[in-house]
Amino acid sequence: MIYIASLDSRVKKKNVDSGKTRTKASGKNKKNSKTKRTKKNKRPRKVFRLCILFLLITFLYTSTNLFRYFDNLEKQILVESNKSNQEFIDSLKDISIVEYRKSGLLPSVTISQAILESNWGRSKLTRDANNLYGIKADSSWHGDKVLFNTKEYYNSHVNAYFRKYPSWADSVSDRTDFLMKNRRYLKAGLFESNTYRGQAQALEDAGYATTTNSKGKKIYADKLISIIKSYDLYEIDYKVKPK
């Protein structure tokens with residue numbers, strides 16, 4: 001009996017130890033399972049973060065290159081524009097000097113008016129009719145003419161006929177004749193003044209243009225003077241004016 005009891009006790013102890021072993025093994029398996037699941041859950045997050053980082057780097061790189069491209073393009077356009085503007089000035093330099101010697105009208109004023117009225121020779125009137133100064137075809141004009149819509153005041157437009165010329169040189173020469181024949185320019189002191197400021201103001205006072213700002217103030221002379229100063233057109237005057 002004692003032997004059987006001892007054997008039964010050993011079997012029970014063995015079963016308990018086996019149960020504990022299974023419990024520990026089960027616990028380890030659960031921990032391992034949780035660790036694996038955690039690792040699996042972390043992988044998509046890492047991939048997502050790497051994708052976001054890659055996209056951010058790509059965006060910054062592309063943005064920097066685009067900025068450099070447009071910056072260089074803007075500089076190139078500015079250089080080409082300045083080159084084109086200087087070519088326009090040079091194309092009128094000789095004829096403006098000829099007209100100065102004929103009338104006393106300063107080259108700086110002649111060229112600045114052409115710049116302002118024709119937008120550097122790009123206006124439709126200049127392209128279609130070689131009309132640099134926006135001179136209308138009134139009853140005294142017997143040459144070719146074209147019909148154009150023109151801006152008269154700050155915010156009003158009218159249709160009018162304008163003079164058409166064979167060349168820009170003809171347009172510059174006709175401007176001189178137009179100003180000399182109209183007595184209002186003589187009365188305004190256009191031919192008495194020997195400074196670009198004085199001649200620009202005389203053109204405005206005589207009513208050459210009706211350019212005004214939003215407040216109705218005349219700004220034609222100011223615009224001419226600004227162009228002359230911006231492009232150093234007075235340097236041409238110094239070369240031809242008597243010292």
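Residues numbered from 1 in each chain as written. Predicted model: local features only at pLDDT ≥ 70, side-chain atom pairs only at ≥ 80, totals over all residues. Heavy atoms only, no water.

Draft legend 1. Region of interest: the overall build of the protein chain. A count of helical and extended segments in the protein chain gives eight helices and two strands. When the helices and strands of the protein chain are read in sequence order from the N terminus, they spell out α-α-α-β-β-α-α-α-α-α. For the protein chain, the proportion of contacts with a sequence separation of at least 24, taken over those separated by at least 6, is 59%. Accessible area for the protein chain stands at about 17,100 Å²; split by element, carbon and sulfur atoms hold 55% of it. (Helix = DSSP H or I, 4+ residues; strand = E, 2+ residues; numbered from the N terminus. Contact = heavy atoms within 4.5 Å. Areas by Shrake-Rupley, 256 points an atom, 1.4 Å probe, with all protein chains shown as cover.)

Draft legend 2. Representation of the packing of aromatic side chains in the model. All chains considered together, the criterion is met by ten aromatic pairs. Between Tyr-208 and Tyr-220 the ring centres are 6.0 Å apart and the planes differ by 25°, which places this aromatic pair in the stacked class. Separated by twelve residues along the polypeptide, Tyr-208 in the loop between α6 (196-205) and α7 (220-230) and Tyr-220 in helix α7 bring together distant segments of the chain. By relative accessible area, which is 1% here, Tyr-220 ends up buried. (Phe/Tyr/Trp six-rings, centres within 6.5 Å; stacked < 30°, edge-to-face > 60°. Buried < 20%, exposed > 50% of the residue type's maximum accessible area, 1.4 Å probe, protein only.)

Draft legend 3. Representation of the packing of helix α2 (residues 107-118) against α6. Between α2 and α6, the least distance of the axes is 9 Å, while the angle of their chain directions is 45°. Relative to α6, the element α2 is oriented oblique. Note that α2 runs across α6; the crossing there is right-handed. Between α2 and α6, the contacting residues are Ser-108, Val-109 and Gln-113 on the first element and Tyr-196, Gln-199 and Leu-203 on the second. (Axes fitted to C-alpha atoms, helices over the stretch in contact; angles between N-to-C directions. Parallel < 35°, antiparallel > 145°, perpendicular 65-115°, else oblique. Left-handed = near helix turned anticlockwise from the far one by under 90°.)

Draft legend 4. Layout of the pattern of salt bridges. Tallied over the full model, the rule gives five salt bridges. Put simply, Asp-138 and Arg-163 hold a salt bridge, and the shortest N to O gap is 3.4 Å. Of this pair, Asp-138 sits in the loop between α3 (124-129) and β1 (145-153) while Arg-163 sits in strand β2 (residues 156-163), and the two are 25 residues apart along the sequence. A relative accessible area of 4% places Arg-163 in the buried class. (Salt bridge = Lys/Arg side-chain N within 4 Å of Asp/Glu carboxyl O.)

Draft legend 5. Up close: the nonpolar core. Judged by nonpolar contacts, the single largest core of 39 residues is most densely connected at Leu-92, Ile-115, Leu-179, Tyr-185, Leu-203, Tyr-208 and Leu-233. Contributing elements (two or more residues each) for this core: α1 (2-103), α2, α4 (168-181), α6, α7 and α8 (234-240). The contact partners of Leu-92, leaving out residues within four places of it in the chain, are Ile-111, Ala-114, Leu-132, Trp-168 and Val-172. Counting six residues, the second-largest nonpolar core is a separate cluster that includes Ala-129, Val-146, Phe-148 and Ala-160. (Core = buried A, V, L, I, M, F, W, Y, C linked by side-chain atoms within 4.5 Å.)

Draft legend 6. Highlighting a nonpolar patch on the surface. On the surface, Phe-48, Ile-52, Phe-54 and Leu-55 cluster together into a nonpolar patch covering about 460 Å² of accessible area. Turning to its location among the elements, Ile-52 is positioned in helix α1. (Patch = residues over 30% accessible without salt bridge, like charges linked within 9 Å, V, L, I, M, F, W, Y side chains within 5 Å.)

Any link to function would need more than the numbers given here.
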